[in-house]
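Remarks on the overall topology
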Amino acid sequence: MRILVTNDDGIHAPGLAVLEEIARQFSDDVWVCAPSDNQTGAGHSLTLSMPVRLRKHSARRWSVTGTPTDAISIGLKQVLDSPPDLILSGVNAGANLGDDLTYSGTVSAAMEGALAGIKSIAMSQVMKQERPAWDDRFAAARHWGPRAIQPLLDAPFELRTLVSINFPCRAPEDVQGMRVVRQGFHDYDRSSVIEARDPRGQRYYWFGLDAIEHTPDHGTDLEAIADNCISITPLQLDLTHHASLAGLAQRFEGH
Ligand code: MN
């Protein structure tokens, strides 16, 4: 089994090394093609306004001066001589839950893999700013990752679908199990924008990183993580809201 590993935190990110380790438990044909720099928040963007460079670090380890989507495209078209059986993206340093998904470069790399017809799994480790008592920030993903991937290996993935996995910010022995759940939504209070002034007196802005308070809906990824469980969520690339199609079509009749 050939596995292609990527991420959005960049080729030097510790979470990528964790995922390479996990991948090697399933195969000795593991390839890496990841962004050269941190691309967190890149979403599903594709670099169209500048050239993209490909750098070889070793025979099966490559980086791309672009987005996670660029890394998958170039990995599939330029680096690998035959397509992988599996794409793993992550392990992201931070959650990709609820409405985070469309901002996420980690999930978007797996989306790109799914569009290419390859079984693709995104993996994210929920984190807090302070260092946890159990020291290894990726402990839950490192320990539980192989157990979360194993049942997916022979599961059929429908065309243009993928799976996103989040590991709770707990020591491995405190993880309460794995739950297959739908995507939830945060309360929309993420938008704390912090204004400050640079040394020349000009305003600049940072998006706030404060924890988002919410009461998660039942059966969602947010609830699973709040309950110290691993969330496993199947996603689809078809963003159509099918229930709205007929009603909306009626409004266009005769126009
Ligand atoms: Mn990231």
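The structure reproduced in this document is the subject of the present report. Since we're looking at a predicted model, the values are computed, not measured.

Calculation criteria
- Residues numbered from 1 in each chain as written.
- Predicted model: local features only at pLDDT ≥ 70, side-chain atom pairs only at ≥ 80, totals over all residues.
- Heavy atoms only, no water.
- Helix = DSSP H or I, 4+ residues; strand = E, 2+ residues; numbered from the N terminus.
- Polar contact = N/O pair within 3.5 Å; in protein donor to acceptor, adjacent residues only side chain to side chain.
- Contact = heavy atoms within 4.5 Å.
- 1 Å grid on protein atoms, 1.4 Å probe; cavity = no way out; pocket = protein on both sides within 12 Å on 5 of 7 lines; lining within 4 Å.
- Points joined across faces, edges and corners; volume = space filled by probe spheres on them.
- Nonpolar A, V, L, I, M, F, W, Y, C, P; charged D, E, K, R; others polar.
- Pairing = 2+ DSSP bridges.
- Axes fitted to C-alpha atoms, helices over the stretch in contact; angles between N-to-C directions.

1. Description of the side chain of Ser-104
The residue Ser-104 is located in the loop between β5 (86–93) and α3 (105–115) in this model. One polar contact links the side chain of Ser-104 to the main-chain amide nitrogen of Val-107, over a distance of 2.9 Å. When sequence neighbours within four positions are dropped, the list of residues in contact with Ser-104 reads Asp-8, Gly-43 and Asn-96.

2. Things to note about empty space enclosed by the protein
Enumeration over the complete set of coordinates arrives at 1 cavity of 30 Å³ or more. In this structure, the largest cavity spans a volume of roughly 30 Å³. Lining the largest cavity are Gln-125, Met-127, Lys-128, Pro-132, Trp-134, Arg-137 and Cys-169. Class assignment of the residues belonging to the lining of the largest cavity gives a composition of 4 nonpolar, 1 polar and 2 charged.

3. Examining the sheet that holds strand β6 (residues 119–125)
Sheets are built from strands that pair by backbone hydrogen bonding, the pairs being arranged parallel or antiparallel. Within the open sheet, the 9 strands sit side by side as β3-β4-β2-β1-β5-β6-β7-β11-β8. Their pairing is mixed. On the outer flanks of this sheet lie β3 (54–58) and β8 (178–180), each paired with one strand and no other. Neighbouring strand axes in the sheet, compared pairwise and without regard to direction, differ in orientation by 20° on average. Pairing geometry for β5 and β6, over 6 bridges, is parallel. The partner of Ile-87 across the bridge, within β6, is Ser-120.

By themselves, these are just geometric observations and shouldn't be taken as functional.
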